[in-house]
Amino acid sequence: MSIRRLPPHLVNRIAAGEVVERPASALKELVENSIDAGAARVAIVLSQGGVGRIEVADDGCGMSADDMALALERHCTSKLPDEAIEAVVTLGFRGEALPSIASVARVTIESRPAGRDGWCRVVDNGDVLRDGPAAVPPGTRIVVEDLFARVPARRKFLRSPRSEYAACLDMVRRLAMARPDIAFTLEHDGRRVLTVPGGEERPGRVAGLTDRALAENSVAIDWVRDSISLGGVAGLPTFNRGIADHQYLFVNGRPVRDRLLMGAIRGAYAEMLPRDRHAVVALFLDMPPSEVDVNVHPAKTEVRFRDPALIRGMIVSGLRRALDEAGHRSVQRPSDSALTMWQAESLPASAMPPPPVDDWSHAAPESRVMERQSLFAPRPGFAAPPPLARAEPAFAPPPEVRQYPMGVARGQVAKTYIVAEAEDGLVLVDQHAAHERLVLERMRAALTGGRVASQAMLIPEVVELDEPACDRLEARAEELAEFGLDLERFGPTAMLVRSTPALLGQGDPKGLVSDLADELAAFDQALSLRERLDHVAATMACHGSVRAGRILSVAEMNALLREMEVTPHSGQCNHGRPTWVKLQHGDIEKLFGRK
């Protein structure tokens, strides 16, 4: 077969496959053009997740009739006045976006530079339908309709309108985060879903587009090395997410998805986060254009650094330094139940058990008093700290140790670890990790029988989330009901929790629903929740388990030990960490030099 030259319209469609993968890709290119045009306001309107219609209007510099005609030709751009592509400072520069979009959709462009006449051009899948003057305000308005309508092979691979809308919303958030000086609005199917004013400070813009609580649960980053600066905000380690969808990375104002930068974030938080949790960060790298290559992929979301080791080290150092300066700050506060127990009045004297009989009973009364005073009297220059372990007074004889492999509870250390005495040593149990595994196994057993029993809430709780998260939960509501969680849509950005799994007891519905939304975001849409049983059940079990920091009674501690003895896989928690360790008698003797 001889080689032939492809016709221009086919060349454009082939190029569109790289530049315009989905509606979010087309939207990204159009908004970037508005930013490069110097716009102070950008208004976006979507229909059917962007598949039906994408409209972007700005108040930028506008285009003349001649410029508009050139803009629809491949490799025509105003952003490279010379051939120094390594020194590009704009978001776009390849001259491929508009012709690629116009080859696979119906595109209407209306534009007017300040002080000049307006012009309109309509292109339908590469064919010019209209080209003439138009009465329009200064700036540019571009409407993209019926994307991929004549490319069925590409159209059938698009996801549902909800999924495409979620991708568009995420793209707008990232671009708005990069430019807090510009005002953005976004409407979807006639409803305003996002409004951010111009002239904001970077931390406020980031918090407004991610989570309002981030503003008070984050640290600022300001790190400069040579000609490279690193700024942004980093969430405290305790302010984390179930997936890494709240990690925003920018290089010279360009949103990017780079493995090197993501790896650096994981490295900075490595010893402060569980393996299944992810930090919330927005990092802004600014460097000379010669130090980074942005011409890696037509989508321009990938970059290459001249000195990747320097960049990685700078991110790790900058994040750790900022987090170290945060000191003891933490998002979490003591639980209400723990505070209640601390504030509870002590037992009345009539309810206290009689004093124990000690080994000094045969000594003279005077010597016993003197010896007790000498043991507990404070020494000069030495302040004895209060003991951190606790155990209830034993009103009844404790059970025999040899009856139980996990031993018998003797106390609790730091309100987190159960101390038990076994026949052959000392057992330490992480109460949260252990109970998390027990709740998971109970939930698995309940699901085997059909569905998990639910517990209706006296007052349904409203949980506010972003719209894509609510869409994911609503789509899986029937399956979640099998797990005992009854959810109902409560407006565009909220879910109503009517009942929770009875196994979880008095948990945190808001945290549970938020984490489940994150978990669902990582699912393959073709898989059912039952096929991802372990992930969903583990997320629920974590919220229904005994938390670290809760004071347990001796009876509760022993009940936990007894259930561990008969529950499979109770030796490790749902995340692979051990739930208990044992110090053999020989190990204890070695600690005290007896062996």
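Residues numbered from 1 in each chain as written. Predicted model: local features only at pLDDT ≥ 70, side-chain atom pairs only at ≥ 80, totals over all residues. Heavy atoms only, no water.

**What about the sheet that holds strand β23 (residues 486–489)?**
Strands sit in the order β22-β24-β23 across an open sheet of 3 strands; the sheet is antiparallel. Two strands close off the open sheet at either side, each with one partner strand: β22 (454–464) and β23. The mean inter-strand angle of the sheet, taken between neighbouring strand axes irrespective of direction, is 20 degrees. Sitting on the sheet, helix α15 (residues 509–521) touches β22, β23 and β24 (494–501), and the angle it makes with β22 is about 70 degrees. (Pairing = 2+ DSSP bridges. Helix = DSSP H or I, 4+ residues; strand = E, 2+ residues; numbered from the N terminus. Axes fitted to C-alpha atoms, helices over the stretch in contact; angles between N-to-C directions. Contact = heavy atoms within 4.5 Å.)

**Observations regarding the packing of helix α6 (residues 161–178) against helix α7 (residues 202–209)**
The geometry of a pair of packed helices is captured by two quantities: the angle between their axes and the separation between those axes. Two elements in contact, α6 and α7, have axes whose closest approach is 9 Å; the angle formed by their N-to-C orientations is 170 degrees. Between α6 and α7, the angle falls in the class roughly antiparallel. On the side of α6, the interface is formed by R173, A176 and M177, while α7 contributes R205, V206 and L209. Residues that form the contact of α6 with α7 fall into these classes: 4 nonpolar, no polar and 2 charged. (Parallel < 35°, antiparallel > 145°, perpendicular 65-115°, else oblique. Nonpolar A, V, L, I, M, F, W, Y, C, P; charged D, E, K, R; others polar.)

**With respect to the nonpolar core**
Membership of the largest hydrophobic core comes to 59 residues, with the highest contact counts inside it found for L27, V31, I44, V144 and F184. Contact partners of L27, with chain neighbours within four places excluded, come to I44, L46, I54, V56, C168 and V172. With 32 residues, the next largest nonpolar core counts V219, L230, V256 and A268 among its residues. (Core = buried A, V, L, I, M, F, W, Y, C linked by side-chain atoms within 4.5 Å. Buried < 20%, exposed > 50% of the residue type's maximum accessible area, 1.4 Å probe, protein only.)

**A short note on the pattern of salt bridges**
Within the structure shown, the criterion is met by 31 salt bridges. The partner of D466 in a salt bridge is R173, and the shortest N-O contact between them spans 3.5 Å. Note that D466 is positioned in the loop between β22 and α13 (467–475) and R173 in helix α6, a separation of 293 residues in sequence. Judged by relative accessible area, D466 falls into the partly exposed class, the value being 23%. Look at R173 and you get buried, because its relative accessible area is 15%. Notably, a salt bridge pairs R241 with D518, separated by 2.9 Å at the nearest N-O pair. Here the residue R241 occupies a position in strand β11 (residues 240–241), and D518 occupies one in helix α15, the gap between them amounting to 277 residues. Through salt bridges that share partners, R53, E55, R106, E110, R141 and E145 make up one connected network. (Salt bridge = Lys/Arg side-chain N within 4 Å of Asp/Glu carboxyl O.)

**Here's the deal with the packing of aromatic side chains**
Per the counting criterion, the structure on display carries 1 aromatic pair. With centroids separated by 4.6 Å and ring planes inclined at 5 degrees, the aromatic side chains of F250 and F284 adopt a geometry described as stacked. Residue F250 is found in strand β12 (residues 247–251), and its partner F284 is found in strand β15 (residues 281–286); the two are separated by 34 residues along the sequence. By relative accessible area, which is 1% here, F250 ends up buried. A residue is classified by how much of its surface remains accessible, and F284, at 3% relative accessible area, is buried. Lying over the aromatic face of F284, R202 brings its terminal NZ or CZ to 3.9 Å of the ring centre. Across the ring face of Y404, the terminal group of R562 is positioned such that the distance to the ring centre comes to 3.8 Å. (Phe/Tyr/Trp six-rings, centres within 6.5 Å; stacked < 30°, edge-to-face > 60°. Lys NZ or Arg CZ within 6 Å of the ring centre and 35° of its normal.)

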